[in-house]
Amino acid sequence: MVKGVFAMPSPFPGMDPYLERRSLWPDVHNAFLFCLRAEINRKLPQGFSARMEERLVVEEGIRHFEADVAIGHGGPPSEGATLAEIPSKFMDWIEDGVPVRQLFIEIHSHNTPERRVLTVIELLSHSNKSAGRGRDEYLAKQKTLLESEVHLLEIDLLRAGEYTLAASQSGLRARFGAFDYAASLHRGGYGQRFQAVAWTIQERLPTVLVPLDETHPDLEIDLQPVFERTYDECGFERMVDYTQPLPS
């Protein structure tokens, strides 16, 4: 009998900081959103759907990322060797002006003749939190949504970079003290009123509210099982070396 293969859980109680590396985050970002979308669709009543949408973000500057593994064969390369035969450690980079696909979730209502966007869910990326066009474009979209009737839920699972959530950093610190991660909810048409939650690296991910319309209650989405599914099903335990120092 062939024994089943079971994924190992992350060694952290909540968010795994080893997954925050720039080289790995795009994969984590997209996988988390796909799992989150599945969980939302599982709980949505008839007449609503969660859809994955995308935009192109232009990254500025050249950012180098060192590969995790060496590629090639041992020993000196032979004469006329191909690229794949030359021992090397490939570097990944994003060049100035290269568009990068960035995913987000929209919740749609199908209860009216015209499909209506009710809620936008954003998981922040490094480009949203670093000076440049990517951040400027995100902040412009954030401002537009805050002035609209569309609900905006933002989730920040990155410790690095500028504070970017719509809810104020000072307000979160006054309520929760020092924190590493946070989520901000702005209900469409509610001005400068926010609901937010913040937590540390030692805590599990919280439950967040996902509002729909005035005739339906908010969905309660526990982010911890979503993260655990992301980690397990996508094999992220194979992509990190926990013997290395904790990423800052």
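What counts and how
- Residues numbered from 1 in each chain as written.
- Predicted model: local features only at pLDDT ≥ 70, side-chain atom pairs only at ≥ 80, totals over all residues.
- Heavy atoms only, no water.
- Salt bridge = Lys/Arg side-chain N within 4 Å of Asp/Glu carboxyl O.
- Helix = DSSP H or I, 4+ residues; strand = E, 2+ residues; numbered from the N terminus.
- Buried < 20%, exposed > 50% of the residue type's maximum accessible area, 1.4 Å probe, protein only.
- Pairing = 2+ DSSP bridges.
- Right-handed = clockwise from strand over helix to strand, strands pointing away.
- Phe/Tyr/Trp six-rings, centres within 6.5 Å; stacked < 30°, edge-to-face > 60°.

1. Notes on the pattern of salt bridges
- Across all of its chains, the model carries 13 salt bridges by this definition.
- For Lys-43, the salt bridge goes to Glu-39, with nearest N and O atoms at 4.0 Å. Of this pair, Lys-43 and Glu-39 are both found in helix H1 (residues 25-43), four residues apart, which corresponds to roughly one turn of the helix.
- Taking the relative accessible area as the measure of exposure, Lys-43 reaches 34% and is therefore partly exposed.
- Residue class for Glu-39 comes out buried when judged on its relative accessible area of 18%.
- The partner of Glu-122 in a salt bridge is Arg-55, with the nearest N and O atoms 2.8 Å apart. Note that Glu-122 is positioned in strand E5 (residues 116-123) and Arg-55 in strand E1 (residues 48-59), a separation of 67 residues in sequence. Arg-55 carries the same exposure label as Glu-122, and that label is buried.
- What emerges from the salt-bridge pattern is a single network uniting Glu-39, Arg-42 and Lys-43.

2. Notes on the pairing of strand E6 (residues 151-156)
- Within E6, six of the six residues are buried, which leaves it mostly tucked inside the rest of the structure.
- With five bridges connecting them, E5 and E6 associate as parallel partners. Pairing of Leu-123 across the sheet is with Ile-155, part of E6.
- This β-α-β element, E5 to helix H2 (residues 133-146) to E6, shows right-handed connectivity.
- With five bridges connecting them, E6 and strand E7 (residues 181-186) associate as antiparallel partners. Each residue of the ladder has a partner; that of Leu-153, found in E7, is Leu-185.

3. Let's talk about the packing of aromatic side chains
- Evaluated as defined, the whole model comprises four aromatic pairs.
- Pairing Tyr-18 with Tyr-242 gives two aromatic rings, centres 4.9 Å apart and planes at 70°, and the pair type is edge-to-face. Here Tyr-18, found in the segment before H1, pairs with Tyr-242, found in the segment after helix H4 (223-233); they are 224 residues apart in sequence, far enough to count as distant.
- For Tyr-18, a relative accessible area of 7% corresponds to the buried category.
- Taken together, a centroid distance of 6.2 Å and an interplanar angle of 40° make the contact between Phe-227 and Tyr-231 tilted. Linking Phe-227 with Tyr-231, this pair stays in helix H4, spanning four residues, or about one helical turn.
- The class of Phe-227 is buried, set by a relative accessible area of 2%.
- Note on Tyr-231: relative accessible area 2%, which makes it buried.
- Here the aromatic cluster, defined as three or more aromatic residues joined through ring pairs, consists of Phe-12, Tyr-18 and Tyr-242.

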